[in-house]
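Secondary and tertiary structure notes
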Amino acid sequence: MTGVKALFEPKSVVLIGSSKIREKIGMTSPQMFESVIYNMTKHFKGETHIVDLEGKKGAKTVSKLPHTPDLGVVMLPPSASIKQLHNGAKKGIKAFVLLTGGFKNPQRKQLADLKREHGIRILGPNTIMGVINTSNGLNTTFERDLMPQRGTISVISQSGGVGACLLDWASSYGIGVNKFAFMGDKIDIDDIDLLQYFDKDSKTQVICLYIEGIEKGTEFIKTAQEVVKKKPILVLKGGKTREAARRALSHTASIAGSDVVFDAAFKKAGIIRVEDIEELLNAAIALAKQPPLKGDNIAIVSNVGGPAILAADAIANVGLKLATLSEKTRTRIESRYPGIEAANPIDLIADARRERYTFVLDKVLSDPNVDGALVINMLKSSFFEPEDALAVAETSNKHPEKPVVDVPAGGEDFSLVQKVLRETNIPVYNLPEKAAKALKALRIYDEITKTPKKQS
């Protein structure tokens, strides 16, 4: 097993560290070593070998291992890391993850020389957390038991800190994740390599990308243009301002460049750009669970009036439109429920339960004037119960070509409804504004993948 595939699909892994060395400033420590060992031995379904420079845990050198592992995970200071890569490369290990940082330019050159001499692939250095694959339990992070649920969203993060935030968010809210890659300094394996891997990975449906800089711009754009034909790519770019760009250079050795240039590059590549971490995951959830939005016309179905008005504002603010319901749709709804005015947004009244949501949402999604729906179902101040939300998922399944998002606005209401809908195809958001942005991402992806019309 060689190349990037060995990062995520190894049958055997060796963890190389020290039960004694602790840097005064740096990540190398017995605590990191022990925590990575804990995560890997608990979660990883393949073989986990240990090399401890002190010989207290496992073997003392790579040469003493019974066979050659597919992947080496190194968590040592720069000089010791380079020595271990050299030993591992001679042993035949083809891919390495360097969790720790602090590598100076001469040491970076040594890593590049090792890559050329032995044909090895290197993720890092300074990845901090390395890689995660929820399918085989691969987890090189040092946060014990931090393993997200299985899903179809794969994440590439140049920053360990931003990646950790995304990982924590995904784990806390039960967001389904396929794979995580923390790139670090990109001395070898970069976003292009990872995009190419995820393009072929059948378990990845949506790709999230946090970057601070791109070194090979033309190749990056060409790669992304091919990937987005099958899978959406979302990007959060750090270093937008001049001050932040300078910091990015010292943070992950990034060439940040002008934000205007990056924005143009993302548009050319067909990448959807977001503004913050939460929007990145919110859009990813929608793209993983719902079809692209094929038009701008949105229907709002709600059991409360005020949040529905806010939702209407949010829809307009992101550049979408309120759908004009057909006379046939309005007549059917008002004939069944005389107390409801079937004008968009539709207020089902606070006593609405499962049956009313099912009927109205079905008629709305059947309307040719409607391209998608934003549903609001608040619990407080209403008779709605969390289990009633299943009506949204069941009705949406009858109209698989039209996306539906759900908003149980608030805190506790959101948590209760999200638990009911977590395993369904319905994305759930705690504010209408977030749901509107998610619908916009679905609309943008439809425009990206739409086949250009031939000129007559």
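Residues numbered from 1 in each chain as written. Predicted model: local features only at pLDDT ≥ 70, side-chain atom pairs only at ≥ 80, totals over all residues. Heavy atoms only, no water.

**Observations regarding the packing of helix α7 (residues 217-227) against helix α9 (residues 259-269)**
Remark: α7 packs on α9, axes separated minimally by 8 Å, with the N-to-C direction vectors making an angle of 35°. Residues F220, I221, A224 and Q225 of α7 lie in contact with α9, whose contacting residues are A265, F266, K268 and A269. Here the residues of the contact of α7 with α9 are counted per class, giving six nonpolar, one polar and one charged. (Axes fitted to C-alpha atoms, helices over the stretch in contact; angles between N-to-C directions. Helix = DSSP H or I, 4+ residues; strand = E, 2+ residues; numbered from the N terminus. Contact = heavy atoms within 4.5 Å. Nonpolar A, V, L, I, M, F, W, Y, C, P; charged D, E, K, R; others polar.)

**Quick notes on the sheet that holds strand β3 (residues 71-74)**
Strands sit in the order β2-β1-β3-β4-β5 across an open sheet of five strands; the sheet is parallel. Strand pairing shows two members of the sheet lacking a second neighbour, β2 (47-52) and β5 (121-123), which therefore form its edges. Averaged over all pairs of adjacent strands, the angle between strand axes in this sheet comes to 20°, irrespective of strand direction. Relative to β3, strand β1 (residues 12-17) runs parallel, the two being bridged by four bridges. Residue pairing in the sheet places V14 in a bridge with G72 of β3. (Pairing = 2+ DSSP bridges.)

**Description of the nonpolar core**
The biggest cluster of nonpolar side chains holds 103 residues, and the ones touching the most others in it are F8, L15, I153, L194, L234, L374 and I376. Broken down by element, the residue count for this core peaks at nine residues, all from helix α10 (residues 277-289). Setting aside residues no more than four positions away along its own chain, L374 makes contact with I298, A299, I300, V301, A311, I315, V405, V407, P432, A435, A436 and L439. With 32 residues, the next largest nonpolar core counts A323, I333, A352 and F384 among its residues. (Core = buried A, V, L, I, M, F, W, Y, C linked by side-chain atoms within 4.5 Å. Buried < 20%, exposed > 50% of the residue type's maximum accessible area, 1.4 Å probe, protein only.)

**A short note on the sheet that holds strand β8 (residues 150-157)**
Pairing is mixed in the open sheet, where seven strands are placed in the order β7-β6-β9-β8-β10-β11-β12. The open sheet terminates on both sides in strands that have one partner only, identified here as β7 (138-139) and β12 (272-273). Bridge count between strand β10 (residues 206-211) and strand β11 (residues 233-237): five bridges; the pairing is parallel. From the neighbouring strand, Y210 faces β11, where its bridge partner is L236. Helix α5 (residues 160-172) contacts β6 (131-133), β8, β9 (177-182) and β10 of the sheet and is inclined by roughly 165° relative to β9.

**A closer look at the pattern of salt bridges**
In the structure shown here, the tally under the stated rule is 30 salt bridges. In this structure, R273 and D259 form a salt bridge, with 2.6 Å as the shortest nitrogen-oxygen distance. Here R273, found in strand β12, pairs with D259, found in helix α9; they are 14 residues apart in sequence, far enough to count as distant. No difference in accessibility class separates R273 from D259, as the two residues are buried. The partner of K294 in a salt bridge is D446, with the nearest N and O atoms 3.9 Å apart. One end of the pair, K294, is in the loop between α10 and β13 (297-302); the other, D446, is in helix α16 (residues 432-449), and 152 residues separate them in sequence. One network of salt bridges, in which partners are shared, links K294, D296, R443, D446, E447 and K450. (Salt bridge = Lys/Arg side-chain N within 4 Å of Asp/Glu carboxyl O.)

**Considering the confidence of the model for the chain**
Of the residues in the chain, 94% reach a pLDDT of 70 or more, and the chain-wide mean stands at 94. Taken as a whole, residues 248-256 scores under 50 in pLDDT and shows 29 contacts with residues more than four places along the chain or in a different chain. (pLDDT = per-residue confidence, 0-100.)

**A look at helix α4 (residues 105-118)**
The terminal C-alpha atoms of α4 lie 20 Å apart, and with 14 residues this matches the ideal 20 Å at 1.5 Å per residue to within 8%. Among all positions in α4, only Q107, R108, L111 and L114 are buried. Buried residues of α4 fall within an arc of 115° about the axis and therefore sit on the same side. Turned more than 90 degrees off the buried face of α4, the exposed positions are N105, P106, K109, R116 and E117. In this fold, the buried residues of α4 make contact with α3 (78-91), β4 (95-98) and β5. Where α4 ends, the next residue or the one after it, G119, has phi of about 70°, a positive value. (Expected span 1.5 Å × (residues − 1). Arc of directions from axis to C-beta.)

**A few points about the pairing of β1**
A large share of β1 lies buried, amounting to six of its six residues. Burial of β1 is two-sided: the residues S12, V14 and I16 facing one way and the residues V13, L15 and G17 facing the other way are all buried. In this sheet, β2 lies alongside β1 in parallel orientation, the contact comprising six bridges. When the sheet's bridge partners are listed, L15 is paired in β2 with I50. On the question of chirality, the crossover connecting β1 to the parallel β2 by way of helix α2 (residues 30-43) is right-handed. (Right-handed = clockwise from strand over helix to strand, strands pointing away.)

**Focus: the side chain of D362**
Within the secondary structure, D362 sits in helix α13 (residues 354-366). For D362, a relative accessible area of 18% corresponds to the buried category. Every residue in contact with D362, bar those within four places of it in the chain, is listed here: Y357, T395, K398 and H399.

**Section: the packing of aromatic side chains**
Tallied over the full model, the rule gives nine aromatic pairs. Clustering of aromatic rings is evident, with ring pairs tying together F8, Y197 and F198. For the cation-ring pair, K237 lies above F262, with the distance from its terminal atom to the ring centre recorded as 4.4 Å. Above the face of the F359 ring, R336 is positioned so that its terminal group lies 4.3 Å from the ring centre. (Phe/Tyr/Trp six-rings, centres within 6.5 Å; stacked < 30°, edge-to-face > 60°. Lys NZ or Arg CZ within 6 Å of the ring centre and 35° of its normal.)

**Examining the packing of α3 against α4**
Helices that pack against each other are described as a pair by the angle of their axes relative to one another and the distance between those axes. At their nearest, the axes of α3 and α4 sit 10 Å apart, and the two run at 5° to each other. By the angle between their directions, the pair α3 and α4 is classed as roughly parallel. Of the residues in α4, those touching α3 at P78, S79, I82, L85, H86, A89 and K90 are Q107, Q110, L111, L114 and H118. For the contact of α3 with α4, the residue count by class is six nonpolar, five polar and one charged. (Parallel < 35°, antiparallel > 145°, perpendicular 65-115°, else oblique.)

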